[in-house]
Amino acid sequence: MFTSCPSPIATESSAEIACQLIREMPTAAVRRLGLGDRIAPPTQERTMTLVDSGALAVQLDRESGGSVVLEVLGRGMCVSSALEQPDFARESLSVMALVPSRIVQVSQEAVERRCLSDDRLAPSLLRVAARHKERERDHLVSLLDRNPLRRTAFAVWYLAAAFQDTCPVRTGARIPLSQDFVAATANLARQTANRALRV
């Protein structure tokens, strides 16, 4: 199944500013990820991993098999904060690129110093963090809905929203979203999500 992307929202400029300022830092390490590539959770507590382009999914691998998508991170969002889940063991969490993506890794101390020297960075990071929390709140609320059709519809919108202005649809490509992945995002069985997608 494939979906299109919604229009970028006003806070996208904040993500652009934050990504540019952090990417330009001398100690920043830029890494490119291919579709389906995974990254390990940061080994150092004070390391910031920022999504510079593309979209990443944070997944919880179940002992019984399969996985649940905890959240999808778009441009400017911080992978490190997504992995600070006190209820889950780090070994059960994985981060996967949904499309070709780029991440920037830098120490939090360096970011804090840059915030003191450049008054654009802190407000931009705060605006992106606020958008991130709002999207995650909406995602959690959707999981409380007992109607599988509404949950599946929200999951498709939620996944598309993560791409923002880096959406590959703009270049004529399509975003590959499997029924399994949509079901994992909606926390539904694949067969249930399949029925909802056919409505």
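Structure's up top.
Everything in this summary refers to the structure shown in the same document. (Residues numbered from 1 in each chain as written. Predicted model: local features only at pLDDT ≥ 70, side-chain atom pairs only at ≥ 80, totals over all residues. Heavy atoms only, no water.)

Now for the sheet that holds strand β7 (residues 93–97). Pairing within the open sheet is antiparallel, and its four strands lie in the order β3-β7-β5-β6. Each edge of the open sheet is held by one strand with a lone partner, namely β3 (38–39) and β6 (67–73). Direction of pairing for strand β5 (residues 56–61) relative to β6: antiparallel, over a ladder of six bridges. Bridging from a neighbouring strand, V58 pairs with E71 of β6. (Pairing = 2+ DSSP bridges. Helix = DSSP H or I, 4+ residues; strand = E, 2+ residues; numbered from the N terminus.)

Side chains that carry opposite charge are capable of pairing whenever their charged atoms lie near each other. Going through the model one piece at a time under the given rule, you end up with nine salt bridges. Two residues, D52 and R23, come together in a salt bridge whose shortest N-O distance is 2.7 Å. Pair noted here: D52 is in strand β4 (residues 47–53) and R23 is in helix α1 (residues 12–23), with a separation of 29 residues, a long-range link. Residue R23 is classed as partly exposed on the basis of its relative accessible area of 28%. For D52, the salt bridge identified is with R102, shortest N-O distance 2.6 Å. Here D52, found in strand β4, pairs with R102, found in strand β8 (residues 101–107); they are 50 residues apart in sequence, far enough to count as distant. By relative accessible area, R102 is classed as buried at 18%. (Salt bridge = Lys/Arg side-chain N within 4 Å of Asp/Glu carboxyl O. Buried < 20%, exposed > 50% of the residue type's maximum accessible area, 1.4 Å probe, protein only.)

Moving on, we get to the nonpolar core. Core analysis: the biggest nonpolar cluster contains 18 residues, and V72, L98, L159, F181 and V182 have the highest contact counts within it. At five residues, the largest contribution of residues to this core is made by helix α5 (residues 148–161). (Core = buried A, V, L, I, M, F, W, Y, C linked by side-chain atoms within 4.5 Å.)

Extensive coverage of β6 is indicated by the burial of six of its seven residues. Where β5 hands over to β6, the hairpin turn is made up of five residues, of which G65 adopts a positive phi near 105°.

With that out of the way, let us pick up the packing of helix α4 (residues 121–144) against α5. When two helices pack together, their arrangement is given by the angle between the helix axes and by the axis-to-axis distance. Here α4 crosses α5 at 160°, and the two axes come no closer than 10 Å. What the angle tells us is that α4 and α5 run roughly antiparallel. Crossing of α4 against α5: the hand is left-handed. Together, R135, E136, D138, H139, S142 and L143 of α4 and R151, F154, Y158 and A161 of α5 make up the contact between the two elements. Of the residues assigned to the contact of α4 with α5, the class counts are four nonpolar, two polar and four charged. (Axes fitted to C-alpha atoms, helices over the stretch in contact; angles between N-to-C directions. Parallel < 35°, antiparallel > 145°, perpendicular 65-115°, else oblique. Left-handed = near helix turned anticlockwise from the far one by under 90°. Contact = heavy atoms within 4.5 Å. Nonpolar A, V, L, I, M, F, W, Y, C, P; charged D, E, K, R; others polar.)

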